[in-house]
Amino acid sequence: MRFEHLIEINSPDPVFGEAMPPFTRAQLWRGLMQRVKAPQRFPNGPEGCDWHEPAAGVIARTLRFGPHTLTDRVQLDTEECLVFTPEVHGETAPIRLTIRIEEPQPRQMVLRFIYEALAEQTQEEAYYNDYRHSAWLHNDRDMVITLREWLQAGQLNPLSS
């Protein structure tokens, strides 16, 4: 299973720029790092997150959802890409998430989200993929809405992170 979608962050259309202030790559990266280090700040995030850096460019996390925990590793390519790789949990195929910052043309910036199953899915898991895809898209859109709110409030500037 592979699911991919794009969300436009900055548009080359000047009307869009007047309606919403554009992100710098550094501001967008600071916001994405909040998803890594403080995901509980986002809608539908976990109740808590403990993390440490076992190596340069790698964050190991434990996410708490009530009595359940999820552990993963996030590989960081600064201001370019994040790769969230969960540990195997039960019998469900783990799903890796890659978020890439792309600039397809001047003044345009997009986030590319790629969800990939790391093992063969059961028929039951595959049956739910359309629901997963919809949930992931809505969750990623909610994340971008939150980042826009933080940008407008000045929370993504260097001294506020």
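Everything below is about the structure shown above.
First, a word on scope: everything that follows refers to the structure included in this document. (Residues numbered from 1 in each chain as written. Predicted model: local features only at pLDDT ≥ 70, side-chain atom pairs only at ≥ 80, totals over all residues. Heavy atoms only, no water.)

1. Overview of the overall build of the protein chain
Helix and strand counts for the protein chain stand at four helices and seven strands. Ordered by position from N to C terminus, the α and β elements of the protein chain give β-α-α-β-β-β-β-β-β-α-α. The globule rule puts the C-alpha radius of gyration for 161 residues at 15 Å, and the 16 Å found for the protein chain is close to it. When its C-alpha atoms are laid out on the principal axes, the protein chain stretches across 50 × 30 × 25 Å. For the protein chain, the accessible surface area stands at approximately 9200 Å², while carbon and sulfur atoms represent 51% of it. In the protein chain, 16 positive and 23 negative side-chain charges are present, and the distance between their average locations comes to 4 Å. (Helix = DSSP H or I, 4+ residues; strand = E, 2+ residues; numbered from the N terminus. Rg over C-alpha atoms; globule rule 2.2 N^0.38 Å. Areas by Shrake-Rupley, 256 points an atom, 1.4 Å probe, with all protein chains shown as cover. Lys, Arg positive; Asp, Glu negative; His and termini not counted. Charge placed at Lys NZ, Arg CZ, Asp CG, Glu CD.)

2. Things to note about the environment of Phe42
Note on placement: Phe42 falls in the loop between helix 2 (25–37) and strand 2 (48–55). Once the C-alpha coordinates of Phe42 and Ile145 are considered, the two residues, 103 residues apart in sequence, prove to be 9.7 Å apart. In this view, Phe42 contacts Gly31, Gln34, Arg35, Met143, Thr146, Leu147 and Trp150; residues no more than four positions away in its chain are not counted. (Contact = heavy atoms within 4.5 Å.)

3. Comments concerning unusual backbone geometry
Residues other than glycine seldom take positive phi values, yet Asn44 does so here, at roughly 60°. Along the chain, Asn44 falls in the loop between helix 2 and strand 2. Non-glycine residue Glu79 carries a positive phi angle of around 60°. Structurally, Glu79 can be placed in the loop between strand 4 (68–77) and strand 5 (81–86).

4. Examining the packing of aromatic side chains
Scanning the model with the defined rule gives six aromatic pairs in all. Arranged with centres 4.9 Å apart and planes meeting at 55°, the rings of Phe42 and Trp150 form a pair that is tilted. Of this pair, Phe42 sits in the loop between helix 2 and strand 2 while Trp150 is found in helix 4 (residues 129–152), placing the two residues 108 residues apart along the sequence. One exposure class covers both Phe42 and Trp150, and it is buried. (Phe/Tyr/Trp six-rings, centres within 6.5 Å; stacked < 30°, edge-to-face > 60°. Buried < 20%, exposed > 50% of the residue type's maximum accessible area, 1.4 Å probe, protein only.)

5. Some points on the packing of helix 2 against helix 4
Two packed helices can be described by the angle between their axes and the distance between those axes. Packing of helix 2 against helix 4 brings their axes to within 10 Å, and their N-to-C directions diverge by 125°. Here helix 4 runs oblique to helix 2, going by the angle between their axes. You can see that helix 2 and helix 4 cross each other, and the crossing is right-handed. Two secondary-structure elements touch here, helix 2 through Gln27, Leu28, Gly31, Leu32, Gln34 and Arg35 and helix 4 through Asn139, Asp140, Met143, Leu147, Trp150 and Leu151. Classifying every residue of the contact of helix 2 with helix 4 by side-chain character gives six nonpolar, four polar and two charged. (Axes fitted to C-alpha atoms, helices over the stretch in contact; angles between N-to-C directions. Parallel < 35°, antiparallel > 145°, perpendicular 65-115°, else oblique. Left-handed = near helix turned anticlockwise from the far one by under 90°. Nonpolar A, V, L, I, M, F, W, Y, C, P; charged D, E, K, R; others polar.)

6. Overview of helix 2
Each α-helix winds once per 3.6 residues, and so residues spaced three or four apart point in a common direction. With 13 residues, helix 2 should cover 18 Å at 1.5 Å per step; its first-to-last C-alpha distance of 18 Å lies within 8% of that length. The buried count for helix 2 comes to 10 of 13 residues, which makes it a mostly enclosed element. Within helix 2 the residues assigned to the buried category are Arg25, Gln27, Leu28, Trp29, Gly31, Leu32, Met33, Gln34, Arg35 and Val36. (Expected span 1.5 Å × (residues − 1).)

7. Topic: a nonpolar patch on the surface
Residues Tyr127, Tyr128 and Tyr131 make up a contiguous nonpolar surface patch of about 400 Å² in total accessible area. The residue Tyr128 is located in the loop between helix 3 (123–127) and helix 4 in this model. (Patch = residues over 30% accessible without salt bridge, like charges linked within 9 Å, V, L, I, M, F, W, Y side chains within 5 Å. Salt bridge = Lys/Arg side-chain N within 4 Å of Asp/Glu carboxyl O.)

8. Some details on the nonpolar core
Within the largest apolar cluster, 31 residues are counted, with the highest numbers of intra-cluster contacts made by Leu28, Leu32, Leu82 and Leu111. Mapped onto this core, the elements with two or more residues apiece are strand 1 (2–10), helix 2, strand 4, strand 5, strand 6 (95–102), strand 7 (109–117) and helix 4. Broken down by element, this core gets its largest block of residues, six residues, from helix 4. For Leu111, the contacting residues outside a window of four places in its chain are His5, Leu6, Ile7, Ile9, Leu28, Leu32, Ile99, Arg100, Ile101, Met143 and Val144. (Core = buried A, V, L, I, M, F, W, Y, C linked by side-chain atoms within 4.5 Å.)

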